[in-house]
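Take a look at the letters that make up each chain.
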Amino acid sequence: MATVAFIGLGQMGQPMALNLLKGGEQLRIYDRNPNAMQALTEQGAFSCDSPAEAAEGAEFVITMLPNGDLVKEVLLGEQGVCSKLDSKALLIDMSTIHPLQSDQLREQLAQLGFSYMDAPVGRTSDHAVAGTLLILGGGDATQLERARPLLMKMGSELIEAGGPGMGIRVKLINNYMSIALNALSAEAATLCEGLGLSFDVALEVMQGTPAGKGHFTTTWPNKVLKGDLSPAFMIDLAHKDLGIAMDVANQLHVTMPMGAAARELFSQARAAGRGKQDWTAILEQVRAASGLTSKESTKTN
Ligand code: NAD
């Protein structure tokens, strides 16, 4: 049984902390909203008046807070965790914060002699309740092994993200994709409605295509990721199809800002001489525009 300080007991933190309690850990809790602590106190957690008090005697400190400024304040501010923390303790930030701020915090804490790792979570508050979160473990191998028994009481899967700061990086990439895709999906569904097409039919079709399955595992592996840009489906044709979709949307008064941005990107790819390349070459277009060196092979035709 370990003594764990848990700070930030909201939608996610409260059920996560409860699972630690159920798993036999000793909990010292703090939230700036006293009501957030009540349910856990009733289950045997020790409620504290400050992050500093929660940190007293703790072997682990878990933070689950809305943003990086709050994590910094809770750890390093007045009455913060570090004013009372044993230097042998492990700090685990499970919040979703800016990766560069997480790096800065890790370095600042290391200078003060504290060990800090990032371990943000995937999935939702329902999974937090069920103890089936996806945990994205940053940190070095020693930190990960030390944290693993605790993390596995809150989640069902622990991904070793590749070192300090990599958990929060993979979380960012994952959220970027799923949030942007959410907006693109909304455009597709609205266009579907505008066209009088059954959403169920569209869903059935897209479940088996890159539209529903994504490109990382369908079109990319055998083409752009192998440096093969010979066309299975040409940029020129993709540009034409996007143009038709935009024109239809325009006539139906459906707004498609994501689609418009994508069409511009394909226009840039054509202007850069990629019209006859495979549509997965859009990756190389974005890489080139970002100043990254080309990975392209000579197999463009
Ligand atoms: P929330 O707003 O429900 O909970 C945050 C808690 O932190 C609140 O109880 C608040 O009172 C407390 N808090 C804020 N400032 C504090 C301070 N200075 N000291 C002590 N307590 C303080 O948020 P949430 O949904 O639980 O999310 C927490 C983190 O988890 C966020 O970084 C979020 O992006 C991430 N996340 C959320 C979900 C989700 O589905 N809700 C999923 C994955 C990751």
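Residues numbered from 1 in each chain as written. Predicted model: local features only at pLDDT ≥ 70, side-chain atom pairs only at ≥ 80, totals over all residues. Heavy atoms only, no water.

For strand β2 (residues 26-30), the tally of buried residues reaches four of five residues, placing the bulk of the element in the interior. Sheet topology note: the strand β1 (residues 3-7)/β2 ladder contains five bridges and is parallel. In the strand pairing of β2, Val4 is matched with Leu27. Taken together, β2, helix α2 (residues 35-42) and strand β3 (residues 46-47) form a β-α-β motif whose crossover is right-handed. (Buried < 20%, exposed > 50% of the residue type's maximum accessible area, 1.4 Å probe, protein only. Helix = DSSP H or I, 4+ residues; strand = E, 2+ residues; numbered from the N terminus. Pairing = 2+ DSSP bridges. Right-handed = clockwise from strand over helix to strand, strands pointing away.)

Another aspect to go through is the site of the ligand. Close to the ligand lie 23 residues, the nearest being Gln11, Met12, Asp31, Leu65 and Thr96. Gly10 is positioned such that a nitrogen or oxygen atom in its backbone is 3.5 Å from an oxygen atom of the ligand. With respect to the ligand, the backbone of Thr96 contributes an N or O atom lying 3.0 Å from an oxygen atom. A total of 840 Å² of accessible area belongs to the ligand in isolation, and the protein chains cover 77% of it. Of the residues forming the shell around the ligand, the biggest block, three residues, is contributed by helix α4 (residues 68-76). Residues belonging to the shell around the ligand are distributed by class as follows: nine nonpolar, nine polar and five charged. (Near = heavy atom within 4 Å. Polar contact = N/O pair within 3.5 Å; in protein donor to acceptor, adjacent residues only side chain to side chain. Areas by Shrake-Rupley, 256 points an atom, 1.4 Å probe, with all protein chains shown as cover. Nonpolar A, V, L, I, M, F, W, Y, C, P; charged D, E, K, R; others polar.)

Enumeration according to the criterion identifies two aromatic pairs in this entry. Considering the side-chain rings of Phe216 and Trp220, the 5.1 Å spacing of their centres and the 55 degrees angle between planes classify their relative orientation as tilted. For Trp220, a relative accessible area of 15% gives the class buried. Geometrically, the ring pair formed by Phe233 and Trp279 is edge-to-face, given 5.0 Å between the ring centres and 80 degrees between the ring planes. A residue pair is termed long-range when its members are at least 10 positions apart, and Phe233 in the loop between α10 (210-213) and α11 (235-252) and Trp279 in the loop between α12 (257-274) and α13 (282-289) qualify at 46 residues. For Phe233, a relative accessible area of 26% puts it in the partly exposed group. A residue is classified by how much of its surface remains accessible, and Trp279, at 24% relative accessible area, is partly exposed. (Phe/Tyr/Trp six-rings, centres within 6.5 Å; stacked < 30°, edge-to-face > 60°.)

Here we take up the packing of α12 against α13. Think of two packed helices as two axes; the pair is described by the angle between the axes and how far apart they sit. Direction vectors running N to C along α12 and α13 enclose 85 degrees, while the axes themselves pass 10 Å from each other. Of the possible angle classes, the one that applies to α12 and α13 is roughly perpendicular. In this structure, α12 uses Leu265, Phe266, Gln268, Ala269, Ala272 and Arg274 to contact α13, whose residues at the interface are Ile282, Glu284, Gln285, Val286 and Ala288. Residues belonging to the contact of α12 with α13 are distributed by class as follows: seven nonpolar, two polar and two charged. (Axes fitted to C-alpha atoms, helices over the stretch in contact; angles between N-to-C directions. Parallel < 35°, antiparallel > 145°, perpendicular 65-115°, else oblique. Contact = heavy atoms within 4.5 Å.)

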